[in-house]
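Here is what each chain is made of, one letter per residue.
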Amino acid sequence: MLAGIIGHPGGHKPCESAAILDPRNGLAYLPGTMAVRPVIVAPDPRLKLVSTDVEKVDDEIRTLVADMLESMYEADGIGLAAVQIGVPKRVIVMDLDQKDGKNNPRAFINPKILWASDEMATFEEGCLSVPEIWDEIERPARIRAEFLDREGVRQEVEADGLLATCLQHEMDHLQGVLFIDHLSKLKRSIALRKLQKAKRLKDAG
Ligand code: K1U
Ligand code: ZN
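Residues numbered from 1 in each chain as written. Chains lettered and ligands numbered in written order. Predicted model: local features only at pLDDT ≥ 70, side-chain atom pairs only at ≥ 80, totals over all residues. Heavy atoms only, no water.

1. What to know about the overall build of the protein
Our working rule: Secondary structure elements follow DSSP: runs of H or I of four or more residues count as helices, runs of E of two or more count as strands, with numbering from the N terminus. Burial classes: relative accessible area under 20% of the type maximum marks a residue as buried, over 50% as exposed, and values in between as partly exposed (1.4 Å probe, protein chains only). Pairs of residues are marked as contacts when any of their non-hydrogen atoms sit within 4.5 Å. In short, Shrake-Rupley with a 1.4 Å probe defines the accessible areas, and a residue's cover is counted only from the protein chains shown.
On a plain count of helices and strands, the protein comes out with 3 helices and 10 strands. Put simply, the protein runs from its N terminus to its C terminus through helices and strands in the order β-β-β-α-β-β-β-β-β-β-β-α-α. Within the protein, the fraction of its 205 residues that count as buried is 45%. Restricting the contact set of the protein to residue pairs at least 6 apart, pairs at least 24 apart contribute 63%. Carbon and sulfur atoms make up 52% of the accessible area of the protein, which amounts to about 10800 Å² in all.

The structure is reproduced here in C-alpha cells:
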C-alpha cells in the first residue's frame, strides 16, 4: 500500500528521491500513505448519495485520487467514482489503456457534460459495485465535458467509444445512479435479486 501522489506521468511535477514509482501507472508515491479502499457493493444506500462539488483541488483531493486509482487497479476496473469508496465528492478516475505494462491514469474532478450527441451507441457495461452483472446500455455516442485536473486546471474532453461510455457511467454514479437503473424493470429486478443473494451468501460467511 502506497499513497500521497507527488508526481505524475505528464512530468509536470518532479519525483522526489524517496518516492517509489508505481510501474502500473507511472505515478510516484510516498510509501506508506496510499490506501486501497474497499469498493461498496449494491444494494447499499451509500451508492444512492448525490456527490457534491470539490471546492478546492488540494493535497487531500490528490490523495483521494491516488487511493481511488490504487483501489481501481486492485479491483481490475477501468473506472471508479469516489462515492464507490464511500466519499460522495465529484471525483472520477479512469484508465482505459491498461495493457503491456503501460497505463494512462486520469482524474476528472467536478466533471460536467457540456454537449451530448443525438446519436446513440450501445456498449456492454459492468460495474465494480454491481459484480458479475454485465448488460448492454444505450447512451449518447459522443459527449463533450469539462472538468478540473489534479492541479485544479479546467480542461475539456471530447469523447466517443469507451471513453464516452465510461465517463457517462461514472458521472451517473455521482448522481446516485447505477447502470442497472437504465435496464428494464424485469432485468433490473433480476440483477438486484442476484446481488442480494450474493450479499446474503457473503454475510453468512
Ligand atoms: O465500477 C465502475 O464504475 C467501473 C467500471 C467501469 C465501466 C466498465 C465498462 C463499461 C462502463 C463502465 C468497471 O471498471 S467494470 C470492470 C471492467 O470493466 C473490467 C474488469 C475486468 C476485465 C475487464 C474489464
Ligand atoms: Zn460503476
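On we go.
2. Let's talk about the state of the cysteines
Condition: Cysteine sulfur atoms are paired as a disulfide whenever they come within 2.5 Å of each other.
Across all of its chains, the model carries 0 disulfides by this definition. A disulfide-free cysteine, cysteine 166 has its sulfur positioned 9.8 Å from the sulfur of cysteine 127, the nearest such atom. Residue class for cysteine 166 comes out buried when judged on its relative accessible area of 5%.

3. Considerations on the pattern of salt bridges
For side chains of opposite charge, pairing can occur when their charged atoms come near one another. Here is the rule: Every case where a carboxyl oxygen of Asp or Glu lies within 4 Å of a side-chain nitrogen of Lys or Arg is listed as a salt bridge.
Under the definition given, this model contains 15 salt bridges. When the shortest N-O distance is used, the salt bridge between aspartate 53 and arginine 90 registers 3.4 Å. Here arginine 90 lies in the loop between β4 (79-81) and β5 (91-94) and aspartate 53 lies in the loop between β3 (28-31) and α1 (59-74), a separation of 37 residues in the sequence. In this structure, glutamate 158 engages arginine 144 in a salt bridge whose closest nitrogen and oxygen atoms are separated by 3.7 Å. Placement of the pair is glutamate 158 in strand β10 (residues 154-159) and arginine 144 in strand β9 (residues 143-148), with a sequence separation of 14 residues. Relative accessible area serves as the criterion here: at 55%, glutamate 158 is assigned to the exposed category. Arginine 144 gets classed as partly exposed once you look at its relative accessible area, which sits at 29%. What you see here is one network of salt bridges that share partners, running through Arg144, Glu146, Arg154, Glu156 and Glu158.

4. Examining the site of ligand 1
Counted only if it meets this: We call a residue near a molecule or strand as soon as one heavy atom of that residue lies within 4 Å of the molecule or strand. Whenever a nitrogen or oxygen atom comes within 3.5 Å of another N or O atom, the pair is scored as a polar contact, on the condition that within protein one atom can donate a hydrogen and the other can accept it, and that pairs from neighbouring residues in sequence are kept only if both atoms are in side chains. Throughout, the ten residues Ala, Val, Leu, Ile, Met, Phe, Trp, Tyr, Cys and Pro are labelled nonpolar, Asp, Glu, Lys and Arg are labelled charged, and all others, Gly among them, are labelled polar.
Neighbouring ligand 1 are 14 residues, the closest being Asp76, Ile78, Gln84, Leu128 and Glu170. In the environment of ligand 1, an oxygen atom lies 2.7 Å from a nitrogen or oxygen atom belonging to the backbone of leucine 128. Histidine 169 places a side-chain nitrogen or oxygen 3.0 Å from an oxygen atom of ligand 1. For the shell around ligand 1, the leading source of residues is helix α2 (residues 161-174), giving 4 residues. Class assignment for the residues of the shell around ligand 1 results in 5 nonpolar, 6 polar and 3 charged.

5. Section: the side chain of threonine 165
Examined against the element boundaries, threonine 165 turns out to sit in helix α2. When its relative accessible area of 9% is taken as the criterion, threonine 165 is described as buried. Discounting chain neighbours no more than four positions away, the residues touching threonine 165 are Phe123, Glu125 and Arg139.

Any link to function would need more than the numbers given here.
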